[in-house]
Structures are given as structure tokens and as C-alpha cells.
Amino acid sequence: MKIPFNVPYLTGNEEPYVLEALRSRRHCGNHQFADKCIQTMKKKYGFHEVFLTPSGTAALEMGCLLADLQPGDEVILPSYTFSSTGNAVVLTGAKPVFCEVDPKTMNADVRHMASLVTAKTKMLLPIDYAGIPCDVDAINALAKKHGLIVMDDAAQSFGSFHGGRPCGAGVDMATFSFHETKNLSCGEGGALVVNRPEWVERARFLQEKGTDRSLVLSGVRSKYSWVDKGSSFLLADILAAMLWAQLESVEEIARKRKAVAAAYRDLYAPFEKDGCLQTPHPPPDVDCNGHAFFVIFDTAQNKDRFLSLLRAKDVHAYIGYLPLHSSKMGQRYGYKAQDLPLTEDLASRIVRLPFYADLFDAGLDYCLESMQAVLKSIYQG
Ligand SMILES: Cc1ncc(COP(=O)(O)O)c(C=O)c1O
């Protein structure tokens, strides 16, 4: 039996909705299915405004333009993240400043973040790794103290809650991904949440290639023109139709994924108790969407053994991020691997387990048996 790393979930409604979008003859962005997604997200999660984008990457780039980052500005983000988080910053000419992570969650270490604030810092850009919300309250407090913008790269945490508050609410901006590896997928897609009402009009200009087309659509102007920077940050309605099917099933998807996470937790707990490895430890007031499950092994050698023995059983786990600060691009910004020793060390020992909603219905037993056998051969050999 093969257990892949990821399989995108289908609710069954994607086909009729995509067909409906096709037949509507209104295929570009911000049409009926986009509107359904946006209104539902706003109502359900309390977001002030939502912009559907072609990817999580595009949402980050739109957010950095909206923050008006300029050359000379600094943005603090964890090194342990995807390239897109760093790219969005450097595309504006601003400088990425990398912070360490907290091993319990692999999210930004806020105390280290605070120590990196300078007069040039303009924005804090945490992420929500594996769907676990970052410490938004501490990050907001830091931002307030220094007058900084907070944008949460919530690519992985759609539908997670922290202290009852949904991820994406309670920050200036947040970005989601609807890539096929995420809880909700439309193939490639994303969203930018804007919670600052005074920024919404400009966000509409940025999304529509720097034009004031939105004012024409709302009847304020008769012609639209080039008024600002921008790009094409819109999700085609055919993809929004697929996203709508997924959004309707957001709780069902999370329920299945949380059951997979619970099974992993039970399997790994005795090994964690024996000091062989470490699993995620979100704060108690977190309701995680079950996006992913990571395991930090005691040594990099045991991590490698785990991955290859598991692969021999056709069960596909995967390494985590390669830290940005020690990457080729990170080095161009003057970073060396030893600048963030904790991140380097954790990244060399972390694994992400196979994780998808359908695993709950088929394959989970085989997956757990295979992992149990591999862990026993490594640690009880
Ligand atoms: C933390 C983080 N940010 C951004 C992205 C980019 O999202 P997308 O693939 O939708 O562009 C990802 C994708 O995996 C991610 O994990």
C-alpha cells in the first residue's frame, strides 16, 4: 500500500460548481463564487475585508505592497518558513531580518523578534506553522510598542483559532493559501485579509493592476485609470467555484484531519516520553485546524533513518523547510548558518508526516503500523 505525503480532498461539489462558473460566462475574478467565498469568510471569521488571490504567495506580495514597504525598511520574520514569505519582502526592496523559532510550535520566538527591532523595522511577519497560530497577542503588543504593522502568513492555518479568535482576525493583515497541499484547495489560490478599514480602497487598486476599476464597478467613476502600483492579484471565478465547495466543508475537512493528528499523537507519545523525539505542543487555548503534524527527532541521523525506512514501506514523510537565513538568498543578505543556531539544528531534525483528510478513511492503520515498526527498529532495535 502506498501512503503519499499529500492528497487533495474533494467534497463532491467541486464539479457542479465549476461547471456552473463555466456556464455563467463570467470567468474572471470577483464574480459570483468569489463573492460567496468572501462574504462567508467575513461573516464566519470576522475578517474586515477579504481579497481572493491567485496564490498564498501573491497574497503575501499584495500585503507587502499594501504595507508600502520601501528599500531601507526592515521586516522581521522567522527563518523557518517558505521562500514566499521572504520573497514578498525582498521584492519591495525591504530587508528580511530573520528570527529564531520556539521548538514547541516552530513559530516565531517573539522574545527574539523583539530583540531585533530597530528604527528601520516596519513590519512583523510571523507564520502559523502546521496550522498552529503564532502568539498573536505578544506580537501585537510588540507592534503596538514600536508602531509596526503585523501581517500574519497564515498560509497553513485557515480555520484555526487562538483563544476563540480565528487566525487572520486580530492582525492588520493575514494571508492564506489554498494550494493543493492545504486544508482547503482550489489547486492554486490564496487570500489577503485586510482588517484596517482605511487600507481597503487602496487594496482594491493594488488587486486590479493599480487601477481604480473598483470605483467604476461601484458607480463612482465612469472610466478607470492607473492610480497606484499593483498587479493582477485576482482568483479566476472557476477556481473560486472550487474553493466554495471546499469552504462549505471546512469543518468536515478539519474533523478528519484532527482525527489523523490525534492518531499520530497517540503513536508518538510513548517515544516522546522516552526522550527520543518531540511532537507539536500548541498552547492550551489553541484549536488547531489539523493542517500538519511534525516530529523533531533526537538526532539528524535518526531523522534520516526514519525517512528512508518509512519510504521502503512506501510511506512518504518529508523534511521541513530549509532555513531561509542560510540559503543562497539568505547569504546574499549577509546571513551565516551560525547566526540562528536553534533554527539550523531543529530544521536538520524535523520531519513532516503524511497528512491529508482521506487518510482518516483509508490507509491510516497501515501508516501507523509502518511508523510503529520503524520507530521500534530505530529506538528499541
Ligand atoms: C508559510 C507559507 N507561506 C506561503 C506559502 C505559499 O503559498 P502558495 O503555495 O499558495 O503560494 C506557503 C506554501 O506552502 C507556506 O507554507
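Up top is the structure.
Keep in mind that this is a model prediction, so the values were computed, not measured.

Calculation criteria
Residues numbered from 1 in each chain as written. Predicted model: local features only at pLDDT ≥ 70, side-chain atom pairs only at ≥ 80, totals over all residues. Heavy atoms only, no water. Near = heavy atom within 4 Å. Polar contact = N/O pair within 3.5 Å; in protein donor to acceptor, adjacent residues only side chain to side chain. Areas by Shrake-Rupley, 256 points an atom, 1.4 Å probe, with all protein chains shown as cover. Helix = DSSP H or I, 4+ residues; strand = E, 2+ residues; numbered from the N terminus. Nonpolar A, V, L, I, M, F, W, Y, C, P; charged D, E, K, R; others polar. Core = buried A, V, L, I, M, F, W, Y, C linked by side-chain atoms within 4.5 Å. Buried < 20%, exposed > 50% of the residue type's maximum accessible area, 1.4 Å probe, protein only. Domains from an automatic or database assignment. Contact = heavy atoms within 4.5 Å. Phe/Tyr/Trp six-rings, centres within 6.5 Å; stacked < 30°, edge-to-face > 60°. Pairing = 2+ DSSP bridges. Axes fitted to C-alpha atoms, helices over the stretch in contact; angles between N-to-C directions.

Draft legend 1. Expanded view of the site of the ligand. Taken together, 16 residues form the shell around the ligand, and within it Gly56, Thr57, Asp153, Ser177 and Lys182 come nearest. Measuring from an oxygen atom of the ligand, one finds a side-chain N or O atom of Ser177 at 2.7 Å. Contact distances for the ligand include 2.7 Å between an oxygen atom and a side-chain N or O atom of Lys182. In isolation the ligand exposes 390 Å². Once the protein is present, 91% of that is buried. Those elements giving two or more residues to the shell around the ligand turn out to be helix H3 (56-66) and helix H4 (83-90). By residue number, the principal contributor to the shell around the ligand is H3, which donates 3 residues. Residue classes in the shell around the ligand are distributed as 4 nonpolar, 10 polar and 2 charged.

Draft legend 2. Quick peek at the nonpolar core. Grouped together as the largest cluster of nonpolar side chains are 80 residues, with contacts concentrated most on Met41, Leu52, Met123, Phe158, Phe178, Leu192 and Leu243. Domain assignment of the residues forming this core places at least three in each of domain 1 (14-248) and domain 2 (251-379). Discounting residues that sit within four places of it in the chain, Leu192 has contacts with Glu49, Val50, Phe51, Thr53, Ala59, Met62, Gly63, Leu66, Met151, Met173, Ala174 and Thr175.

Draft legend 3. Here's a closer look at the packing of aromatic side chains. Using the criterion set out here, one finds 20 aromatic pairs in the structure. Judged by centre distance (5.0 Å) and plane angle (65°), the ring pair of Phe98 and Tyr335 falls under edge-to-face. Linking Phe98 in strand S3 (residues 95-99) with Tyr335 in the loop between helix H12 (328-332) and helix H13 (341-349), this pair joins segments that are 237 residues apart in sequence. The same class applies to Phe98 as to Tyr335, namely buried. A centroid spacing of 6.3 Å and a plane angle of 40° characterise the contact between Tyr268 and Phe293, whose relative ring orientation is tilted. Of the two residues, Tyr268 sits in helix H10 (residues 250-273) while Phe293 sits in the loop between strand S13 (286-287) and strand S14 (294-297), which places them 25 residues apart along the sequence. Given the relative accessible area of 0%, Tyr268 is considered buried. Note on Phe293: relative accessible area 2%, which makes it buried. Ring pairing ties together the aromatic residues Tyr45, Phe47, Phe158, Phe161, Phe176 and Phe178, which thus form one cluster.

Draft legend 4. Looking closely at the sheet that holds strand S2 (residues 74-78). Pairing is mixed across the open sheet formed by 7 strands, whose spatial order is S1-S11-S10-S7-S6-S2-S3. Lying at the two open borders of the sheet, with one neighbouring strand each, are strand S1 (49-53) and S3. Adjacent strand axes in the sheet meet at a mean angle of 25°, parallel and antiparallel pairs treated alike. Note: strand S6 (residues 121-124) against strand S7 (residues 149-153), 2 bridges, orientation parallel. Pairing of Leu124 across the sheet is with Val150, part of S7.

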